[in-house]
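Understanding the architecture of this molecule
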Amino acid sequence: MFQGASALNLDAKGRMTIPAKHRDALIVQCEGRVTLTRHPHGCLLFFPRPTWEAHREQIAAWPMSARAWQRIFLGNASDVELDTAGRILVAPELRAAVGLQRDVMLLGMGSHFEIWDAAKLAESESEAVAAGMPDVLNNFSF
């Protein structure tokens, strides 16, 4: 289970260092082989390869009426590997698609991660809080 937020920086080549706690788990779980793809909310999804492969099969089986969504998820998917320094390269096309600049946030979301431009994530979270809790969470409490 991946959880927690990490404030990270992209270097000039678009590489991002994976925090050690997640890097070790990714090496054990998938030998450092991961897949990045675009999400329509304005972030990137970052999957251990075996987890992505299960999703990829489901997405590929969607009907023709979902072709545009297949393009978003499958058409933007990029297989990458952690390098010896524990970094991944985020392709320029993916960085541009979601507006990733230097300051990024890596969010553990259970089976995968989200990668956000830090300013865009702060704005998105502020909008969510301002909109109030959705009805589906009415019975949820800590």
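Predicted model only: the values in this text are computed from it and were never measured.

Taken together, six strands build an open sheet; the order of strands is E1-E7-E8-E4-E3-E5 and the sheet is antiparallel. Single-partner strands in this sheet number two, and they are strand E1 (2-9) and strand E5 (78-81). Sheet twist, expressed as the mean angle between neighbouring strand axes with direction ignored, is 25°. Both strand E3 (residues 33-39) and E5 contribute to a ladder of four bridges, which runs antiparallel. Bridging across to E5, Arg-33 finds its partner in Glu-81. Helix H1 (residues 20-30) rests against E1, E3, strand E4 (43-48), strand E7 (103-110) and strand E8 (113-117) of the sheet, and its axis sits at about 120° to E1.

With that settled, consider the UniProt feature "domain: SpoVT-AbrB" (unreviewed entry) in the chain. Under the feature "domain: SpoVT-AbrB" (unreviewed entry), the UniProt entry names residues 5-51 and 77-120. Along residues 5-51 one finds 30% helix and 45% strand; the C-alpha atoms at either end are 20 Å apart. For the annotated span residues 77-120, helix accounts for 23% and strand for 45% of the residues, and the straight-line distance between the end C-alpha atoms is 21 Å.

Scanning the model with the defined rule gives six aromatic pairs in all. Centre to centre, the rings of Phe-2 and Phe-113 are 4.4 Å apart; their planes meet at 40°, and the pair counts as tilted. Residue Phe-2 is found in strand E1, and its partner Phe-113 is found in strand E8; the two are separated by 111 residues along the sequence. A centroid spacing of 5.4 Å and a plane angle of 45° characterise the contact between Phe-47 and Trp-52, whose relative ring orientation is tilted. Comparing Phe-47 with Trp-52 shows no difference in burial state: the two are buried.

The rules behind these values
Residues numbered from 1 in each chain as written. Predicted model: local features only at pLDDT ≥ 70, side-chain atom pairs only at ≥ 80, totals over all residues. Heavy atoms only, no water. Pairing = 2+ DSSP bridges. Helix = DSSP H or I, 4+ residues; strand = E, 2+ residues; numbered from the N terminus. Axes fitted to C-alpha atoms, helices over the stretch in contact; angles between N-to-C directions. Contact = heavy atoms within 4.5 Å. UniProt positions renumbered as here; feature names shortened; annotations may be inferred. Phe/Tyr/Trp six-rings, centres within 6.5 Å; stacked < 30°, edge-to-face > 60°. Buried < 20%, exposed > 50% of the residue type's maximum accessible area, 1.4 Å probe, protein only.

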